[in-house]
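# Understanding the architecture of this molecule
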Amino acid sequence: MTDKLAALRRVGVRYPVMQAGMPGIAGPKLAAAVSRAGGIGTLGIMDASEWGVALALTRRLCESQPFNANLLLPFTRPRHVDLIISHQVAMVTLFWGRDPALIRRLKQAGIYTFQQVGSVEEARMALQDDVDALIVQGREAGGHVRGTSLLKSILAPIVDQAGPVPVFAAGGMYTAEDALTARHQGAAGVSTGTRFVATHESQAHDLYKKALVRAEHTVLTNLFGMNWAAPHRVLDNEATRRWCDSQGQAPAWISLLYKLTGLTRRFTPMKAALVQWQRPYLPLFSAAAMEASMPPHMRDSTALYAGDEVARIRSVMWAADVVADLASAFGPMSATQQGLQDRAA
């Protein structure tokens, strides 16, 4: 029996529980808290001018534990990659696109590389590119939604396709029961964003956290697509109520405008201060989440990312407690690794 997590254990990961790399929300404090608890803490991508300082701070806060860096490919610049390599980051997650050359470069640098995918076909391409692990996202996930099918319909087929490559499940992974269900479908681990937004260590604004634990439903929408015309799952707010139809779609002219602004995204800094002009009545909404540094009125004009089953989250927790709960579904180390240790003894 193959121990699919052996390479991650060699990196220093104790539990196959990943905190998603949410730009603006997953800062050094959250990533380090997850990594110190034995999980895979992820630093969300940010402007390249701030990236090196954030990587260094995360490393210091991790206290020798490994952490992961999120590279959202539409916003990734060469400087992001150079700094990841120079700071000797242990793991990287790639999302929203395909870049075989980047995967080769990261692996040559000794970096364990995840690719998040949203379909069987996308998983096939990532496996061809020789990624170390897959994260399979269902359409019920919050945030930037690559998945077009429910997690339960694509997870098992991708696990079968992946063979010895570990597969992490993403979308509705909030409790040990969720993680156990994913494990029974063959997942080697889980990844969650929404559950970690509602933690004390996340950089989400308190109003965002309060909205999250009170929410009953979400909206899958293209409204927050300035500079990046992608679907996002969010809580409703004044902006979505004003501009979205019953299916969550913005008017066609807004979508066209967003596609044009997408041409500028590689030249636009990813800084929270640059989106604080957003207002519900002005249909120019970026994908920026509501960070703690933003003024309260931004609650009605920023993306409040959340998974479709957000109503099951009813408290703000400590990140280490989330890791412990989800990790309990995977139990102690695998029988294969235990056998190897027994033989070594």
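Computed from a prediction, not measured in an experiment: that's the story for all the values here.

## Focus: the sheet that holds strand β6 (residues 133-137)
With parallel pairing, eight strands are arranged side by side in an open sheet as β1-β9-β8-β6-β5-β4-β3-β2. The open sheet is flanked by β1 (17-19) and β2 (42-43), the only strands paired with a single partner. Judged from the four bridges that link them, strand β5 (residues 112-117) and β6 form a sheet pairing that is parallel. Opposite Gln116, over in β6, you have Ile135 as the bridge partner. The sheet strands contacting helix α2 (residues 28-36) are β1 and β2, and the helix crosses β1 at an angle near 175 degrees.

## A closer look at the confidence of the model for the protein chain
This prediction gives the protein chain a mean pLDDT of 93; 93% of its residues lie at or above 70. Considering only residues more than four positions removed or in separate chains, one finds that residues 333-345, a stretch of pLDDT under 50, has ten contacts.

## Observations regarding the packing of helix α4 (residues 78-86) against helix α5 (residues 100-108)
Orientation of α4 relative to α5, taken along the N-to-C sense of each, is 15 degrees, at an axis distance of 10 Å. Taken together, the axis directions place α4 and α5 in an arrangement best described as roughly parallel. In terms of crossing hand, the pair formed by α4 and α5 is right-handed. Where α4 approaches α5, its residues Val81, Asp82 and Ile85 are matched on the opposing element by Leu102, Arg105 and Leu106. Residue composition of the contact of α4 with α5, by class: four nonpolar, no polar and two charged.

## Topic: the pairing of strand β8 (residues 167-170)
Neither face of β8 is exposed, since Val167 and Ala169 on one face and Phe168 and Ala170 on the opposite face are all buried. Of the strand pairs in this sheet, β6 and β8 are connected by four bridges, and their pairing is parallel. Residue pairing across strands places Gln137 opposite Ala170, the latter belonging to β8. Inspection of the sheet shows β8 paired to strand β9 (residues 189-192) by three bridges, in the parallel sense. Along β9, the bridge assignment pairs Phe168 with Gly189. Viewed along the sheet, the connection from β8 through helix α8 (residues 176-184) into β9 turns out right-handed.

## A few points about the sheet that holds strand β7 (residues 143-144)
The strands that make up a sheet pair up through hydrogen bonds in the backbone, lying either parallel or antiparallel. Strand order in the open sheet formed by three strands is β7-β11-β10, with antiparallel pairing between adjacent strands. Strands with a single pairing partner mark the edges of an open sheet, and in this sheet they are β7 and β10 (219-221). Two elements, β7 and strand β11 (residues 232-234), share two bridges in a ladder whose sense is antiparallel. Bridge pairing in β11 links His144 to His232.

## Describing helix α6 (residues 120-128)
Listed in full, the buried residues belonging to α6 are Glu122, Ala123 and Ala126. Angular distribution of buried residues about the axis of α6 spans 100 degrees; they occupy a single face of the element. Packing partners of the buried residues in α6 comprise β5, β6 and α7 (151-162). Taken from the residues just after α6, Asp130 is the one with a positive phi, measuring 70 degrees.

Rules used in this analysis
Residues numbered from 1 in each chain as written. Predicted model: local features only at pLDDT ≥ 70, side-chain atom pairs only at ≥ 80, totals over all residues. Heavy atoms only, no water. Pairing = 2+ DSSP bridges. Helix = DSSP H or I, 4+ residues; strand = E, 2+ residues; numbered from the N terminus. Contact = heavy atoms within 4.5 Å. Axes fitted to C-alpha atoms, helices over the stretch in contact; angles between N-to-C directions. pLDDT = per-residue confidence, 0-100. Parallel < 35°, antiparallel > 145°, perpendicular 65-115°, else oblique. Left-handed = near helix turned anticlockwise from the far one by under 90°. Nonpolar A, V, L, I, M, F, W, Y, C, P; charged D, E, K, R; others polar. Buried < 20%, exposed > 50% of the residue type's maximum accessible area, 1.4 Å probe, protein only. Right-handed = clockwise from strand over helix to strand, strands pointing away. Arc of directions from axis to C-beta.

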